[in-house]
Amino acid sequence: MKYLLKTLGYYAIFIILVTFICSLLNLIGVNSSITNLIIFIFNLLAFFILGFKNGKKASSKGYIAGLKMSGLFILVLIVINLFTAKNFFNIATIIYYIVLILTGTAGSMMGINKKDTNEQ
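For clarity, every value in this text was computed on a predicted model and none was experimentally measured.

(A) Molecular detail of helix H2 (residues 32-57). The end-to-end C-alpha distance of H2 is 37 Å, a good match for the 38 Å that 26 residues give at a rise of 1.5 Å each. Of the residues making up H2, those classed as buried are Thr35, Asn43, Leu44, Ala46, Phe47, Leu50, Gly51, Asn54 and Gly55.

Below, the structure written as structure tokens:
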């Protein structure tokens, strides 16, 4: 659990930095759909990398470690979405969350397969 909270902190810092950069891009006139795509890509990348690291630390069943990590992060995103979005649940956000969960789970499964034999 301690590792998940530490990872959640890294994720929060990463997302704040990416959001700040995309906000600056919006200020200089970049289309908001492009910045939304950038946020989506970096969010996928963050879920995959953190899932991969989580999978390397897991003792077995990488998909469960990935589901736990992704579930915690999605829960945080849902809470943030509760306070900031007008349309809380629509099909696009549900698909978005499912894609993020699958990415984190895939990263964790790859991480447990790439684990060194010395770490076991």
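(B) Broad picture of the packing of aromatic side chains. Enumeration according to the criterion identifies seven aromatic pairs in this entry. Ring centres of Tyr96 and Tyr97 lie 5.9 Å apart, and the angle between their planes is 50°; this geometry places the pair in the tilted category. When its relative accessible area of 23% is taken as the criterion, Tyr96 is described as partly exposed. Classification of Tyr97 by relative accessible area gives buried; the value is 8%.

(C) Expanded view of the nonpolar core. Of all hydrophobic cores here, the largest spans 14 residues; its most connected members are Tyr11, Phe47, Phe73, Ile74, Leu77 and Leu100. Sequence-distant contacts of Phe47, defined by excluding residues within four places in its chain, comprise Tyr11, Met69, Ser70, Phe73, Ile74, Leu77, Leu100, Thr103 and Gly104.

(D) Representation of the packing of H2 against helix H3 (residues 62-84) within the structure. Relative to each other, H2 and H3 sit at 140°, their axes nearing to 9 Å. Here H2 lies oblique to H3, going by the angle between them. The way H2 lies across H3 gives a crossing that is right-handed. Across from Asn43, Phe47, Leu50, Gly51 and Asn54 in H2, the residues of H3 making contact are Ala65, Gly66, Met69, Ser70, Phe73, Ile74 and Leu77. Partitioned by chemical class, the residues of the contact of H2 with H3 number seven nonpolar, five polar and no charged.

(E) Structural context of the side chain of Asn54. Within the fold, Asn54 resides in helix H2. Taking the relative accessible area as the measure of exposure, Asn54 reaches 8% and is therefore buried. Of the polar contacts made by the side chain of Asn54, one reaches the backbone oxygen of Ala65; its length is 3.0 Å. In contact with Asn54, other than residues within four places in its own chain, are Tyr3, Leu4, Ala65, Gly66, Met69 and Ser108.

(F) Structural detail: the packing of H3 against helix H4 (residues 91-113). The interhelical angle for the contact between H3 and H4, taken along N-to-C directions, is 150°, at an axis separation of 8 Å. Classed by the angle they form, the pair H3 and H4 counts as roughly antiparallel. For the pair H3 and H4, the crossing hand works out as right-handed. Packed against H3, whose contacting residues are Gly62, Tyr63, Ala65, Gly66, Leu67, Met69, Ser70, Ile74, Leu77, Ile78 and Asn81, the element H4 presents Thr93, Tyr97, Leu100, Ile101, Gly104, Thr105, Ser108, Met109 and Ile112 at the interface. Residue composition of the contact of H3 with H4, by class: 12 nonpolar, eight polar and no charged.

(G) Expanded view of the confidence of the model for the protein. Overall, the prediction assigns the protein a mean pLDDT of 83, with 93% of residues at 70 or greater. Across the protein, the element-wise mean pLDDT spans from 83 in helix H1 (residues 2-27) up to 88 in H4.

(H) How the structure looks around the layout of surface pockets. Here the largest pocket is characterised by a volume of approximately 480 Å³. What lines the largest pocket is a set of 16 residues, among which Thr19, Ile39, Asn43, Leu77 and Tyr96 lie closest to the centre. Counting residues per element, the ones that place at least two in the lining of the largest pocket are H1, H2, H3 and H4. Looking at which element gives the most residues to the lining of the largest pocket, the answer is H3, with five residues. Residues that form the lining of the largest pocket fall into these classes: 10 nonpolar, six polar and no charged. Considering only enclosed or pocket space, the second largest pocket measures out at about 160 Å³ in volume. Elements that contribute at least two residues to the lining of the second largest pocket include exactly H1, H2 and H3. Looking at which element gives the most residues to the lining of the second largest pocket, the answer is H3, with three residues.

Scoring rules and cut-offs
Residues numbered from 1 in each chain as written. Predicted model: local features only at pLDDT ≥ 70, side-chain atom pairs only at ≥ 80, totals over all residues. Heavy atoms only, no water. Helix = DSSP H or I, 4+ residues; strand = E, 2+ residues; numbered from the N terminus. Expected span 1.5 Å × (residues − 1). Buried < 20%, exposed > 50% of the residue type's maximum accessible area, 1.4 Å probe, protein only. Phe/Tyr/Trp six-rings, centres within 6.5 Å; stacked < 30°, edge-to-face > 60°. Core = buried A, V, L, I, M, F, W, Y, C linked by side-chain atoms within 4.5 Å. Contact = heavy atoms within 4.5 Å. Axes fitted to C-alpha atoms, helices over the stretch in contact; angles between N-to-C directions. Parallel < 35°, antiparallel > 145°, perpendicular 65-115°, else oblique. Left-handed = near helix turned anticlockwise from the far one by under 90°. Nonpolar A, V, L, I, M, F, W, Y, C, P; charged D, E, K, R; others polar. Polar contact = N/O pair within 3.5 Å; in protein donor to acceptor, adjacent residues only side chain to side chain. pLDDT = per-residue confidence, 0-100. 1 Å grid on protein atoms, 1.4 Å probe; cavity = no way out; pocket = protein on both sides within 12 Å on 5 of 7 lines; lining within 4 Å. Points joined across faces, edges and corners; volume = space filled by probe spheres on them.

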